[in-house]
Amino acid sequence: MPTAARLAGAIVFAVFGLYIALLSTGVFPNERAPTYWYPLLAFVGLVVGWRFCGGRAGKGYVASVSLGITTTLCFVFWVAFLVGMVRMIEKAMDMEYNGPVAAIMNVFVEMSAFAEDMYDVNLIINLVVGGIIGAFLVEIVARRLP
């Protein structure tokens, strides 16, 4: 059911996703992010903000801190999973796997490789702080507009 908190969560975390996409562009090799990077992070932020953060808002300002951290972890997981899927599909199109099971198992290898590539202290700090601020803003909207 659409609520003001869900809409605020979708907007806040879509903007958060674009901010993280802009910030993380320098972490990629040769500072060139894939062409799908900005829309992917904005879309994942929109969905996670609507489904996860907006749906759980309204439980207090202290609870919004943990909600922001868990929303950020959910955001990171889905971004890593989707990037792993894209990399797996690219390799599957080049016939690098012996079968479908090897391709599916390699998604998790690609996820961990992506996580290693994205490891940057500045990026992690911005993810955590931005997630907490985003959840706090959603909590404000959930309190003011039921």
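Residues numbered from 1 in each chain as written. Predicted model: local features only at pLDDT ≥ 70, side-chain atom pairs only at ≥ 80, totals over all residues. Heavy atoms only, no water.

A. Here's a closer look at the overall build of the chain. A count of helices and strands for the chain gives five helices and zero strands. Reading the helices (α) and strands (β) of the chain from amino to carboxyl end gives α-α-α-α-α. Dimensions of the chain, computed from the C-alpha atoms along their principal axes, are close to 55 × 30 × 25 Å. Looking at the chain as a whole, 38% of its 146 residues qualify as buried. Contacts spanning at least 24 positions in sequence make up 79% of the contacts within the chain whose residues lie at least 6 apart. For the chain, the exposed surface amounts to about 8600 Å²; the carbon and sulfur share of it is 71%. Side chains of the chain carry 9 positive and 9 negative charges; the gap between the two charge centres is 19 Å. (Helix = DSSP H or I, 4+ residues; strand = E, 2+ residues; numbered from the N terminus. Buried < 20%, exposed > 50% of the residue type's maximum accessible area, 1.4 Å probe, protein only. Contact = heavy atoms within 4.5 Å. Areas by Shrake-Rupley, 256 points an atom, 1.4 Å probe, with all protein chains shown as cover. Lys, Arg positive; Asp, Glu negative; His and termini not counted. Charge placed at Lys NZ, Arg CZ, Asp CG, Glu CD.)

B. Layout of the pattern of salt bridges. Evaluated as defined, the whole model comprises four salt bridges. Close ionic contact of Lys-91 with Glu-110 constitutes a salt bridge, the shortest N to O distance being 2.6 Å. Of this pair, Lys-91 sits in helix α3 (residues 61-93) while Glu-110 is found in helix α4 (residues 100-117), placing the two residues 19 residues apart along the sequence. Among the residues examined, Lys-91 registers a relative accessible area of 29% and is labelled partly exposed. (Salt bridge = Lys/Arg side-chain N within 4 Å of Asp/Glu carboxyl O.)

C. The environment of Arg-56, seen in detail. Within the element layout of this structure, Arg-56 appears in helix α2 (residues 37-56). For Arg-56, a relative accessible area of 39% puts it in the partly exposed group. A C-alpha to C-alpha distance of 13 Å links Arg-56 and Gly-134, two positions 78 residues apart in sequence. A polar contact is formed between the side chain of Arg-56 and the backbone oxygen of Phe-52, at a distance of 3.3 Å. (Polar contact = N/O pair within 3.5 Å; in protein donor to acceptor, adjacent residues only side chain to side chain.)

D. Spatial organisation of the packing of aromatic side chains. The final tally for this structure, using the stated rule, is eight aromatic pairs. Centre to centre, the rings of Phe-28 and Trp-37 are 4.9 Å apart; their planes meet at 85°, and the pair counts as edge-to-face. The class of Phe-28 is buried, set by a relative accessible area of 9%. Trp-37 sits in the buried class, given a relative accessible area of 2%. Centroid distance Phe-77 to Phe-81: 6.1 Å. Interplanar angle 15°. Geometry classified as stacked. Of this pair, Phe-77 and Phe-81 both sit in helix α3, separated by four residues, roughly a single helical turn. Between the NZ or CZ atom of Arg-56 and the centre of the ring of Phe-52, over which it lies, the distance is 4.2 Å. Above the face of the Tyr-61 ring, Arg-143 is positioned so that its terminal group lies 5.1 Å from the ring centre. (Phe/Tyr/Trp six-rings, centres within 6.5 Å; stacked < 30°, edge-to-face > 60°. Lys NZ or Arg CZ within 6 Å of the ring centre and 35° of its normal.)

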